[in-house]
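This is what each chain is made of:
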Amino acid sequence: MVRTPLTPEERERGERLGRLLREARGGRSMTDVAASAGVSAETLRKIETGRAPTPAFFTVAALADALGLSMDELHSRCAPVVEAAA
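Asks: How do you make sense of a nonpolar patch on the surface when you look at a structure like this?
Replies: Among the surface-exposed residues, Phe57, Phe58 and Met71 lie close enough to one another that they form a single nonpolar patch of about 370 Å² accessible area. Turning to its location among the elements, Phe57 is positioned in helix α4 (residues 57-67).

Asks: Help me understand the pattern of salt bridges, please; the structure alone is not making it clear to me.
Replies: As a working rule, side chains carrying opposite charge can pair if their charged atoms are close by. Within the structure shown, the criterion is met by 7 salt bridges. Here Arg45 ties to Glu42 by a salt bridge, and the two come within 2.7 Å at their closest N and O atoms. Separated by 3 residues within a single helix, Arg45 and Glu42 lie in helix α3 (residues 41-49), roughly one turn from each other. Ionic pairing is found between Arg77 and Glu73, a salt bridge with its closest N-O pair at 3.4 Å. Here Glu73 and Arg77 lie together in helix α5 (residues 71-78), a separation of 4 residues that amounts to about one turn. Through salt bridges with shared partners, one network takes in Glu23, Glu73 and Arg77.

Asks: Sorry if this is basic, but what is going on with the layout of surface pockets here?
Replies: Remark: the empty space left among the atoms is shown by a probe the size of a water molecule rolled over them. Considering only enclosed or pocket space, the largest pocket measures out at about 290 Å³ in volume. Together, 14 residues line the largest pocket, and Arg13, Leu17, Val60, Leu74 and Cys78 are the ones closest to its centre. Of all the elements in the fold, those that place two or more residues in the lining of the largest pocket are α1 (8-25), α4 and α5. The element that contributes the greatest number of residues to the lining of the largest pocket is α5, accounting for 4 residues. Approximately 150 Å³ is the volume found for the second largest pocket.

Asks: Help me understand the side chain of Thr59 in this model?
Replies: Among the structural elements, Thr59 can be located in helix α4. A relative accessible area of 18% means that Thr59 is categorised as buried.

Asks: Honestly, the nonpolar core in this entry has me stumped. Any pointers?
Replies: The nonpolar side chains of a soluble globular protein tend to be buried with one another. If you look at the biggest cluster of nonpolar residues, it comprises 18 residues, and the most contacted ones within it are Leu17, Leu21, Leu44, Leu63, Leu69 and Leu74. Within the residue set of this core, elements represented by two or more residues are α1, α2 (30-37), α3, α4 and α5.

Asks: Looking at this model, I keep getting lost on the packing of α2 against α3. Mind explaining?
Replies: Angle between the axes and distance between the axes are the two parameters that describe a pair of packed helices. Between α2 and α3, the shortest axis-to-axis distance is 8 Å and the interhelical angle comes to 110°. Relative to α3, the element α2 lies roughly perpendicular. Contact with α2, carried on its side by Met30, Thr31, Val33 and Ala34, involves Ala41, Leu44, Arg45 and Glu48 of α3 and no other residues of that element. Tallied by class, the residues present in the contact of α2 with α3 amount to 5 nonpolar, 1 polar and 2 charged.

Here is what the cut-offs are and how they apply
Residues numbered from 1 in each chain as written. Predicted model: local features only at pLDDT ≥ 70, side-chain atom pairs only at ≥ 80, totals over all residues. Heavy atoms only, no water. Patch = residues over 30% accessible without salt bridge, like charges linked within 9 Å, V, L, I, M, F, W, Y side chains within 5 Å. Areas by Shrake-Rupley, 256 points an atom, 1.4 Å probe, with all protein chains shown as cover. Salt bridge = Lys/Arg side-chain N within 4 Å of Asp/Glu carboxyl O. Helix = DSSP H or I, 4+ residues; strand = E, 2+ residues; numbered from the N terminus. 1 Å grid on protein atoms, 1.4 Å probe; cavity = no way out; pocket = protein on both sides within 12 Å on 5 of 7 lines; lining within 4 Å. Points joined across faces, edges and corners; volume = space filled by probe spheres on them. Buried < 20%, exposed > 50% of the residue type's maximum accessible area, 1.4 Å probe, protein only. Core = buried A, V, L, I, M, F, W, Y, C linked by side-chain atoms within 4.5 Å. Axes fitted to C-alpha atoms, helices over the stretch in contact; angles between N-to-C directions. Parallel < 35°, antiparallel > 145°, perpendicular 65-115°, else oblique. Contact = heavy atoms within 4.5 Å. Nonpolar A, V, L, I, M, F, W, Y, C, P; charged D, E, K, R; others polar.

Any functional reading would require information that these geometric values do not contain.
The following block contains the structure:
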């Protein structure tokens, strides 16, 4: 199966998600957060570095829960900025 290349917007959204998760993790180790979320440290590393810009919904939900973030907050901070029509 061939994957459709990601758009620049999808890559940017993945980078924003990675930054947000990294910031929320703070001083906690990647291993600790990953274990709390039930994902591998490598999966978290890939998301945080933007190498996995479109992680599965349940992975994101588990990481958000482990970091005390709401899905609404993740969405609002990772969604593309839409400029108002003039």
